[in-house]
Amino acid sequence: MDESLCKQAGNLIAERTGLAVRELDDALLAKVVQQRVRELQLSGVEQYCQFLRSDNNARREREVLVVPLTSGETYFFRDSGQHRLLQEKILPELLERREPERSLRIWSAACSSG
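About the cut-offs
- Residues numbered from 1 in each chain as written.
- Predicted model: local features only at pLDDT ≥ 70, side-chain atom pairs only at ≥ 80, totals over all residues.
- Heavy atoms only, no water.
- Helix = DSSP H or I, 4+ residues; strand = E, 2+ residues; numbered from the N terminus.
- Buried < 20%, exposed > 50% of the residue type's maximum accessible area, 1.4 Å probe, protein only.
- Contact = heavy atoms within 4.5 Å.
- Areas by Shrake-Rupley, 256 points an atom, 1.4 Å probe, with all protein chains shown as cover.
- Salt bridge = Lys/Arg side-chain N within 4 Å of Asp/Glu carboxyl O.

Draft legend 1. Main features of the overall build of the protein. Each helix and strand in the protein was counted, giving five helices and zero strands. The helix and strand sequence of the protein, counted from the amino end, reads α-α-α-α-α. Counting only residues that meet the buried cut, the protein has 23% of its 114 residues in that class. Counting contacts in the protein only where the partners sit at least 6 residues apart, residues at least 24 apart contribute 49% of the total. Split by element, the accessible area of the protein, about 8900 Å² in all, is 49% carbon and sulfur.

See the structure below:
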């Protein structure tokens, strides 16, 4: 897929779904978009982008498109960078602020599959 079309599709997906596609995921993005173009029997990526911009059934397509572009991994420590940030910066700052109360409540609602 043409690099500029890949960027256009990625920007459109980010704008319409809130999902930012990283540059390192460009190959995955190209694969998924090409697959959707074939499945929807569209003439190409340009027509697919026009479809995503439209209001007629594009909402459902955006929901379908997001699934293969997001992580399906379910193990808790899959992103070590986030956990390192939590351990080294966020929790120490929270604990310092909450020292007089000597308590800290944490709720984690994020879970891929339970």
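Here the narrative resumes.
Draft legend 2. The arrangement of the pattern of salt bridges in detail. Under the definition given, this model contains eight salt bridges. For Arg 16, the salt bridge is made with Glu 15, and the minimal N-O distance between the two is 3.3 Å. Assessed through its relative accessible area of 32%, Arg 16 is described here as partly exposed. A salt bridge links Glu 93 to Lys 89, with the shortest nitrogen-to-oxygen separation between them at 2.7 Å. A residue pair is termed a helical-turn pair when its members lie 3 or 4 positions apart in one helix, as Glu 93 and Lys 89 do in helix α5 (residues 80-97) at four residues. Accessibility expressed as a relative area gives 37% for Glu 93, which makes it partly exposed. Connected through salt bridges with shared partners, the residues Arg 36, Glu 39 and Glu 61 form a single ionic network.

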